[in-house]
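Given next are the chains, with one letter for each unit.
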Amino acid sequence: MLVAGIGMSGGAVVARLLRDNPDLRIEVLDRGAPPDPADPTPFTERRLSRSPGLAVPPEEDWLEFHDGARTSRVRKWWSARSAGGGAWLWYGQLSRFRPSDLDLPDRLAGVPNHQARAWPLSYQDLVPHYEAVEELLRPYGCDYGMDPATYRAVECASVVPRPHASHFERVVIDRLRADGLSPYVGQTALGGRAWDVRPVSPTTLDTVDATPPLRARNTWLGLLWDRLPAAGVTVTTQAQVVRVLVERGRTRGVEVVVRNADGELQVQRIRCRAVVLACGPLETVRVLLTSDLSDRARRVGSSFTLTQERVAYLRTGIPRSTDPGDVVAGSFANVVLKDFYEPPPGPGAPAKCGKFALYDGYAAELPFRHVRNLGLTGGALRAFLTAERHAYAVKVSFKGESIPWDGKRVELGAGRNAMGVPVSRLVYRPHPYDGEIQRYAASVIGRLARALDARQAVLHDVPAGTELISAHHHGGAVFGPATDPTAVLSPDCECLDARGTFVADASVMPTSGATNSSLTTMANAWRVAGLVGDRLAGTAGGRRPAPTLTAHTGSETTHD
């Protein structure tokens, strides 16, 4: 079988298939370059965001963005150089969805023109898959202010204890609790941004050798990648899937563009009966739009959403700790608030809001990101940066629900990238209710500023246009029962018009959820991999040798 993409969701698929079906022959395609363990430079965040080494050069890795008035070319800044993509530097905030995330229409009864659909599974259906992925990721955490059992029930049961909460975490949690809120120390799979500036162990707080590449981190993706050769998994990098090959509603393989060692492009076909698309929503939707699907092709690309985001900086008068342990622990510090996730009914309160995470921006954020996000210049910027060296400046990061409707969708654009593949055209106009959520989030940030006695608050306007583009994108190929005219996939995430093609990334999500979606994406990918593995285990074809790439000569060659 074939898996397209070995990032966050594709990695979860491969990991489960290797665990449950060790005899299954798997071929992986990824458009990134192969990771080079001898080269540390690709894995700094700044280098990763610039994306050198892609099969598609960074200057050609773009999409067409239409905001209702004009279409512009926008670089996909979330692209990554190496196979595995941004998962190498994923901060790893492990936040589960809540049951209401999966049944948003019930909460939007009075909201016109939305196209939110209930998920075809329940929260309890996802629980065992959440648990499996959490055990795989083993996040770092600290139960300051809670008894250990309660802390492990907050989001994630598999927690690797950090030595202690930082002074930042302690003081923020104490002040917010005094204001009647329920904050807790956030759990992170990779420990924080500290690895980008100075490698530090989250469990000992000791500085580790900075000479090896950052890929040497003991991350789940690094461990998985190192297992692939011995497991017999074939990986083809710098390869971009063009379309799924479909005959009479059945998957027969994929068409791929590969850049060979000489830099030449080759169109190749792989014949196989099972394909898992895990390329991320923009790429997966493009693949499906290019494929020979029937009626449901009209629905491909709809219900596309980007998690609502809002960033603020609160400069407090709380003196920084100079204790070395606090300084190091501060690199991993984040405080999570979900009190406002489902606001109580009242004037100005939306039916759904989101999650707030608070960071020590000076310690946990890369300088270039910090300066860019502040949006200050000249003397105002200099004064802010000087003040936060001595007192905490709290970065507030809001993640909220995005309402699906006709104004948000993905189409095929008019252009082609350097691989000759059609680029995606993202049509994105906020739903009017998105503004209600943003206004409520701003009022929450005001409350946080008062609780922390902020002396200066930097809160930018509600994002619009290209500022809406985030790393959390969902939908475009949503799953649902066959009777649902909006569904592209079955509840098992199998394409209704191309049996044998499964989707394991966030394309399947009918709604974005009001928090970070990475953990839910991985949990569902783990679930889909189990279904695919069971299907292939019952067929002789599932254990035949993996298909091989063959140059396309105008006819399809069968390899299975």
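Let me sum up the structure you'll find in this document. (Residues numbered from 1 in each chain as written. Predicted model: local features only at pLDDT ≥ 70, side-chain atom pairs only at ≥ 80, totals over all residues. Heavy atoms only, no water.)

1. Points about the pairing of strand β17 (residues 391–400)
On a regular strand, one side chain projects to one face of the sheet and the next to the other, so that they alternate. Of all 10 residues in β17, 10 are buried; the element is thus mostly enclosed. The sheet contact formed by strand β14 (residues 308–319) and β17 spans 9 bridges and is antiparallel. By the bridge assignment for β17, Q308 is matched with G400. One ladder, built from 7 bridges, connects strand β16 (residues 354–360) with β17; its direction is antiparallel. (Buried < 20%, exposed > 50% of the residue type's maximum accessible area, 1.4 Å probe, protein only. Helix = DSSP H or I, 4+ residues; strand = E, 2+ residues; numbered from the N terminus. Pairing = 2+ DSSP bridges.)

2. A look at the sheet that holds strand β20 (residues 454–459)
Read from one edge of the open sheet, 6 strands run β7-β15-β16-β17-β14-β20, paired in antiparallel fashion. Among the strands making up the open sheet, the edge pair consists of β7 (184–185) and β20. This element, helix α5 (residues 167–178), spans β7, β14, β15 (335–337), β16 and β17 of the sheet and lies at about 135 degrees to β16. Along the sheet, helix α13 (residues 432–451) makes contact with β14, β15, β16, β17 and β20, crossing β14 at roughly 10 degrees. (Contact = heavy atoms within 4.5 Å. Axes fitted to C-alpha atoms, helices over the stretch in contact; angles between N-to-C directions.)

3. Examining the sheet that holds strand β12 (residues 275–277)
As summarised here, the arrangement of the 5 strands in space is β8-β2-β1-β12-β22, forming an open sheet in which the pairing is parallel. With one partner strand each, in any of the chains shown, β8 (234–237) and β22 (501–503) form the two edges of the open sheet. The sheet shows a mean angle of 20 degrees between the axes of neighbouring strands, taken without regard to direction. Pairing analysis gives 3 bridges linking strand β1 (residues 2–4) to strand β2 (residues 27–30), with the strands arranged parallel. What sits directly across from L2, in β2, is E27.

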